[in-house]
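Okay, here's what each chain looks like letter by letter:
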Amino acid sequence: MKHIALGMTGLDVSRIAFGTWQLGGDWGSFDEDAAITAIRHARELGINFFDTAQGYGFGVSERVLGMALRPEITGDRDSVVIATKGGILPGGQGRDASARYLRDGVEQSLRALGVETIDLYQVHWPDANVPAAETAGALQALVDAGKIRHVGVSNYDARQMAEFAAVRPVETLQPPYHLLRRGIEDEVLPYTVEHGIGVLAYSPLASGLLTGRFDETTVFEDGDWRRRASAFTGDDLKRNLAVVRRLTEFAEERGITVSQLAIAWVLARPGVHVAIVGARSSANIEASAAAADIELSADDIAGIERITLDAVPVVGATPEGVQ
């Protein structure tokens, strides 16, 4: 497994991070034992970077991750890098990046994970109702107190990162980024490159669209947010499925899967350090981990660009709902 220094944090992390959004209930039901086995298999594959959030089931995902990593947490703690996020309210009520809410959230995350310090704590979503100075100052105080080691943000644009950085550096950014969602290329990625910010791209598989497993008849569970998302219904879905089929053929000609192609493409983008990949089984994470070793040629990149010209841009879930 290839590793990289995560921007200005200096953290040595695997280029594939194990993401745990799927273990919080927003993606339907899951087998906890299988999830724990998958996380432990990720460690066997050389993955040392794990990303979760308070908002993923409000303790559920963090607890499962903590259980799976218990040998490292209670033994060689430095062998794993644990990232979590806070600042959203339960039940789709929105965002809260206030000092008090973040302090309480960090304490809850520490208990759920079973750790004394969080390696990377990220503001899950920007909160327009709380001054950036308050949010940044609160997180710096938590660094000073030894509760967290590094501070990042998620879903921020360049202006929001600059406002935050006026108080303390933004060390990492976690944005959505995949072949069907490329909005960060215009301003966000240039900003992160200029300021030495580590980038953890989430949803490299477009919430499953780039796995090749879906068709026009796919039905999601009631508890799965994709059931209500426009990207997974109607003409937009049909158009993107046609693109995915062409990408699948392109990948198979190169002896890889379309999922591996999509992950390798994200990792090949300038300024991207890590791709966060979710998995509910050992087989899933094994296939994703292999993507870190795939080298796409300039011709490969050009071919992928031609195919995705016909795609419809895909958005995703927010704390207030889905789009």
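Per an unreviewed UniProt entry, the chain goes by the name Aldo/keto reductase and belongs to Streptantibioticus silvisoli.

Student: Any chance you could explain the packing of aromatic side chains here in plain terms?
Tutor: Geometrically, a pair of aromatic rings is defined through the distance of the ring centres and the angle of the planes. As enumerated under the stated definition, the model contains three aromatic pairs in all. Between F18 and F50, the ring centres sit 6.0 Å apart and the planes meet at 35°, which makes this aromatic pair tilted. With a gap of 32 residues between them, F18 in strand 3 (residues 16–19) and F50 in strand 4 (residues 49–51) connect regions that are remote in the sequence. In this pair, the class of F18 matches that of F50, namely buried. Geometrically, the ring pair formed by Y177 and W265 is tilted, given 5.4 Å between the ring centres and 45° between the ring planes. Of this pair, Y177 sits in the loop between strand 8 (172–174) and helix 7 (188–195) while W265 sits in helix 9 (residues 258–268), placing them 88 residues apart in sequence. Both residues of the pair, Y177 and W265, belong to the buried class. Sitting above the plane of the F250 ring, R254 keeps its charged end 3.6 Å from the centroid.

Student: What exactly am I supposed to notice about helix 9 here?
Tutor: In an α-helix there are 3.6 residues to a turn, and that puts residues three or four apart on one side. For helix 9, a buried count of 10 out of 11 residues is recorded, marking the element as mostly surrounded by other parts of the structure. Restricting attention to buried positions, one finds in helix 9 the residues V258, S259, Q260, L261, A262, I263, A264, W265, V266 and L267. Here the buried face of helix 9 lies against strand 3, strand 9 (198–201), helix 8 (234–253), strand 10 (274–278), helix 10 (282–290) and helix 11 (298–308).

Student: Would you mind showing me how to read the side chain of S14 here?
Tutor: Along the polypeptide, S14 turns up in strand 2 (residues 12–14). A polar contact is formed between the side chain of S14 and the backbone oxygen of I16, at a distance of 2.7 Å. Setting aside residues no more than four positions away along its own chain, S14 makes contact with M1, K2, H3, G46, I47, N48, F49 and V274.

Student: Would you take a moment to explain the pairing of strand 6 (residues 118–123) for this structure?
Tutor: Within a regular strand, side chains alternate between the sheet's two faces. Burial analysis of strand 6 places six of its six residues in the buried class, the great majority of the element. Of the strand pairs in this sheet, strand 5 (residues 81–86) and strand 6 are connected by four bridges, and their pairing is parallel. Bridge pairing links G86 to V123 in strand 6. Note on the crossover from strand 5 through helix 4 (residues 99–113) to strand 6: the handedness is right-handed. For the handedness criterion, the β-α-β arrangement of strand 6, helix 5 (residues 132–144) and strand 7 (residues 148–154) is classed as right-handed.

Student: Would you mind showing me how to read helix 5 here?
Tutor: Relative to the 18 Å expected for 13 residues at 1.5 Å per residue, helix 5 spans 18 Å between its end C-alpha atoms, a close match to the ideal helical length. Residues of helix 5 that are buried: T135, A136, A138, L139 and L142. Burial along helix 5 is one-sided: seen end-on, the buried residues are contained in an arc of 160°. Tucked inside the fold, the buried residues of helix 5 contact helix 4, strand 6, strand 7 and helix 6 (158–165). In the stretch just after helix 5, G146 is the one whose phi turns positive, near 80°.

Student: Just checking my understanding: could you explain the pattern of salt bridges for this structure?
Tutor: Between side chains of opposite charge, pairing is possible as soon as their charged atoms come close. By the definition in use, this model includes 16 salt bridges. Note that R43 is salt-bridged to E72, the shortest N-O span being 3.0 Å. Of the two residues, R43 sits in helix 1 (residues 32–44) while E72 sits in helix 3 (residues 70–74), which places them 29 residues apart along the sequence. Among the charged side chains, a network of salt bridges with common partners joins R182, E185, R269 and E305.

Student: Would you mind showing me how to read the pairing of strand 5 here?
Tutor: For strand 5, the tally of buried residues reaches six of six residues, placing the bulk of the element in the interior. The alternating pattern of strand 5 places V81, A83 and K85 on one face and I82, T84 and G86 on the opposite face, and all of these are buried.

Student: Mind showing me how you'd approach the environment of P204 here?
Tutor: Within the secondary structure layout, P204 lies in the loop between strand 9 and helix 8. Exposure remark for P204: the relative accessible area of 2% places this residue in the buried category. Residues contacting P204, with those up to four places away along its chain left out, are Y177, H178, L210, A262, V266, A275, I276 and V277.

Rules used throughout
Residues numbered from 1 in each chain as written. Predicted model: local features only at pLDDT ≥ 70, side-chain atom pairs only at ≥ 80, totals over all residues. Heavy atoms only, no water. Phe/Tyr/Trp six-rings, centres within 6.5 Å; stacked < 30°, edge-to-face > 60°. Helix = DSSP H or I, 4+ residues; strand = E, 2+ residues; numbered from the N terminus. Buried < 20%, exposed > 50% of the residue type's maximum accessible area, 1.4 Å probe, protein only. Lys NZ or Arg CZ within 6 Å of the ring centre and 35° of its normal. Contact = heavy atoms within 4.5 Å. Polar contact = N/O pair within 3.5 Å; in protein donor to acceptor, adjacent residues only side chain to side chain. Pairing = 2+ DSSP bridges. Right-handed = clockwise from strand over helix to strand, strands pointing away. Expected span 1.5 Å × (residues − 1). Arc of directions from axis to C-beta. Salt bridge = Lys/Arg side-chain N within 4 Å of Asp/Glu carboxyl O.

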